[in-house]
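# Descriptive structure summary
Each chain is listed here by its residues.
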Amino acid sequence: MNLEESFAYRESSLLNKLKEFQSAIDDRTGKGSAAEDIIEELLLRPFLPPGFLCGKGAVICSTEPDVQSPAIDRVIFDTRVSMPLVYDKNHSIFPAEVVAGMIEITMHLDARKLKTDIERMAPVKGMTERRYFVPKPGTKTQVITHRTEGGVSPRSFIIGSPADPNWDVVTIAKALREVQMELGSPTHVHGLYVIGIGFFSTLPVEDEKSTSKYRICGWTGPERIFRFADEFRRAFDRWNPIFHGCSADLRAYVSGESKILAE
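Note that residues are indexed from 1 along each chain, following the sequence as it is written. With the structure being a predicted model, the display of local features is reserved for residues of pLDDT at least 70 and the display and counting of side-chain atom pairs for 80 or more, all residues being used for whole-chain, interface and lining totals. The side-chain numbers reported here are obtained from all heavy atoms of the structure, hydrogens and water having been left aside.

## As for the overall build of the protein chain
- Per the convention used, a helix needs a DSSP run of H or I reaching at least four residues, while a strand needs a run of E reaching at least two, with both numbered from the N terminus. A tally of helices and strands in the protein chain yields 5 helices and 11 strands.
- Every residue pair with non-hydrogen atoms within 4.5 Å of one another is taken to be in contact. Across the protein chain, contacts joining residues at least 24 apart in sequence account for 68% of those joining residues at least 6 apart.
- Here, Shrake-Rupley sampling with a 1.4 Å probe gives the accessible areas, and only protein chains in the shown set may cover a residue. Put simply, the protein chain shows about 14600 Å² of open surface, and 51% of that area lies on carbon and sulfur atoms.
- Counting rule applied: Lys, Arg positive; Asp, Glu negative; His and chain ends not counted. For this purpose, a charge sits on NZ of Lys, CZ of Arg, CG of Asp or CD of Glu. Of note, the protein chain has its 33 positive side-chain charges centred 3 Å away from the centre of its 36 negative side-chain charges.

## Considering the sheet that holds strand E11 (residues 247–248)
- Across the sheet, which stays open at both edges, the 3 strands sit in the order E6-E5-E11 with antiparallel pairing between neighbours. Looking at strand neighbours, the two that pair on one side only are strand E6 (143–148) and E11, the edges of this open sheet.
- Two strands are said to pair when DSSP picks up at least two bridges between them. Pairing of strand E5 (residues 130–135) with E6 involves 6 bridges; the strand directions are antiparallel. By the bridge assignment for E6, arginine 131 is matched with arginine 147.

## Regarding the packing of aromatic side chains
- Pairing of aromatic side chains here covers Phe, Tyr and the six-membered ring of Trp, requires ring centres within 6.5 Å, and sorts the geometry by plane angle: under 30 degrees stacked, over 60 edge-to-face, intermediate tilted. All chains considered together, the criterion is met by 11 aromatic pairs.
- Ring plane angle 20° and centroid distance 5.7 Å describe the contact between phenylalanine 199 and tryptophan 219, whose orientation is recorded as stacked. Taken together, the residues phenylalanine 199 in strand E9 (residues 198–202) and tryptophan 219 in strand E10 (residues 216–219) connect sequence positions 20 residues apart.
- Buried, partly exposed and exposed residues are distinguished by accessible area as a fraction of the type maximum, computed with a 1.4 Å probe on protein chains only: under 20%, between the cut-offs, and over 50%, respectively. We classify phenylalanine 199 as buried; its relative accessible area is 0%.
- Aromatic pair phenylalanine 228 and phenylalanine 232: ring centres 5.5 Å apart, planes at 25°, arrangement stacked. A residue pair is termed a helical-turn pair when its members lie 3 or 4 positions apart in one helix, as phenylalanine 228 and phenylalanine 232 do in helix H5 (residues 224–237) at 4 residues.
- Clustering of aromatic rings is evident, with ring pairs tying together Phe52, Phe157, Tyr193, Phe199, Trp219, Phe228, Phe232 and Phe236.

## Some points on the pattern of salt bridges
- Should a side-chain nitrogen of Lys or Arg be within 4 Å of a carboxyl oxygen of Asp or Glu, the pair is scored as a salt bridge. What the rule picks out here adds up to 16 salt bridges.
- Residue aspartate 237 is joined to arginine 233 by a salt bridge in which the shortest nitrogen-to-oxygen separation is 3.2 Å. With aspartate 237 and arginine 233 both in helix H5 and 4 residues apart, this pair spans about one turn of that helix.
- Look at aspartate 237 and you get partly exposed, because its relative accessible area is 44%.

## Thoughts on the nonpolar core
- Core analysis: the largest hydrophobic core is formed by 36 residues, its most contacted members being Leu114, Leu192 and Val194.
- Secondary-structure elements contributing two or more residues to this core are strand E1 (52–60), strand E2 (72–78), strand E3 (92–95), strand E4 (99–109), helix H3 (111–125), helix H4 (169–183) and strand E8 (191–194).
- Take this core: its biggest share by element is 5 residues, from H4.
- Apart from the residues lying within four places of it in its own chain, the contact partners of leucine 114 are Leu109, Ile158, Ala175, Leu176 and Leu192.
- We call a set of buried Ala, Val, Leu, Ile, Met, Phe, Trp, Tyr and Cys residues a nonpolar core when their side-chain atoms join them within 4.5 Å. Among the nonpolar cores identified, the runner-up in size contains 28 residues, and Phe7, Leu15, Ile38 and Ala235 belong to it.

## Things to note about the pairing of E4
- Burial of E4 is extensive: 10 of the 11 residues sit out of reach of the surface.
- Looking at chain direction, E4 and strand E7 (residues 155–162) are connected through 7 bridges and run parallel. Within the sheet, the bridge partner assigned to isoleucine 103 lies in E7 and is phenylalanine 157.

## Details of empty space enclosed by the protein
- Here the term cavity refers to a set of points on a 1 Å grid, laid over the protein atoms alone, in which a 1.4 Å probe fits but cannot get out; the term pocket refers to an open set having protein on both sides within 12 Å along at least five of seven lines, with lining residues being those that place an atom within 4 Å of a point. Grid points are joined across faces, edges and corners, and a volume is the space filled by probe spheres set on the points. Scanning all chains against the criterion turns up 1 cavity of 30 Å³ or more.
- Approximately 40 Å³ is the volume found for the largest cavity.
- As for the largest cavity, its lining consists of Ile118, Met121, Ala122, Lys125, Ser156, Thr187, His188 and Val189.
- Among the elements that make up the lining of the largest cavity, the one with the highest residue count is H3 (4 residues).
- Three classes are used, and their members are as follows: Ala, Val, Leu, Ile, Met, Phe, Trp, Tyr, Cys and Pro are nonpolar, Asp, Glu, Lys and Arg are charged, and the others, Gly among them, are polar. The residue inventory of the lining of the largest cavity, partitioned by class, reads 4 nonpolar, 3 polar and 1 charged.

## Some points on the pairing of E7
- Burial analysis of E7 places 8 of its 8 residues in the buried class, which makes it a mostly covered element.
- In this sheet, E8 lies alongside E7 in parallel orientation, the contact comprising 4 bridges. Looking across to E8, one finds that glycine 160 is bridged to valine 194.
- Seen with its strands pointing away from the viewer, a crossover is right-handed if its path from the first strand over the helix to the second goes clockwise. At this point the chain moves from E7, through H4, to the parallel E8, and the crossover so formed is right-handed.

## What to know about the sheet that holds E1
- Spatial strand order, E3-E1-E2-E4-E7-E8-E9-E10: 8 strands in an open sheet with mixed pairing. Taken across any chain shown, the strands that pair with only one partner, and hence form the sheet edges, are E3 and E10. Pairs of neighbouring strands in the sheet enclose a mean axial angle of 35°, with direction left out of account.
- Pairing between E9 and E10: 4 bridges, direction antiparallel. Residue phenylalanine 199 lies in a different strand from E10, and its bridge partner there is tryptophan 219.
- Whenever a helix is involved, its axis is fitted only over the stretch in contact; in every case the axis is a line through C-alpha atoms, and angles between N-to-C directions fall within 0 to 180 degrees. Against the sheet, H3 contacts E1, E2, E4, E7 and E8, and its axis sits at roughly 165° relative to E4.
- Helix-sheet contacts for H4 involve E8, E9 and E10, and the interaxial angle to E9 is about 30°.

Structural data, given as structure tokens:
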């Protein structure tokens, strides 16, 4: 058994599927939707831990519920916490409390598109305030709202087919680092998978004041598709689950109060 050979065949099959749809579909929107569906089927859903699903849509935060993020190609959401506020196969609205990750998918990836994708995800990375119902001490049935500020940002990934199949790996790594340095915190791209070229990961740092932020490592051999899948899975394996006895407090997203109608 040769795993590296298997990975190479798998990546080649993925590229062929994407090229097949690109050749057959004239409409630009149709091309994009077809590519996203293929990536979701082959690279995302099979590697999500139990309790996580993905869907296309925008994200909102309870502090500004009328302000939607740009449409994200795929939002990874934690069904153990709550549900989308509005669900539709083509475009859902997700409260920040459920969002664990984001993926941007493109068929013509270059340095300019890479920057656009990172900028698109940046507003969601900044939505770190979340509200939860937690048991009120000394009571059996009452709850209070607990607000988390400065929490962990959603994981972010980019998957794309290169506009130039000869795009140099060092050039890619430098472009990924430079965009993140320019945008600054909370920008952090957990993984960039350039199909057929390499998988690139931003190394985490413990100290926010560190001068060695946004160092990029990469895998450019036939195992690159495996490296993406492995890091993608681990990103959500390590996502903090909601505490036992707690639930998401989504009241602030919609106006209105209840009234006692009978007693």
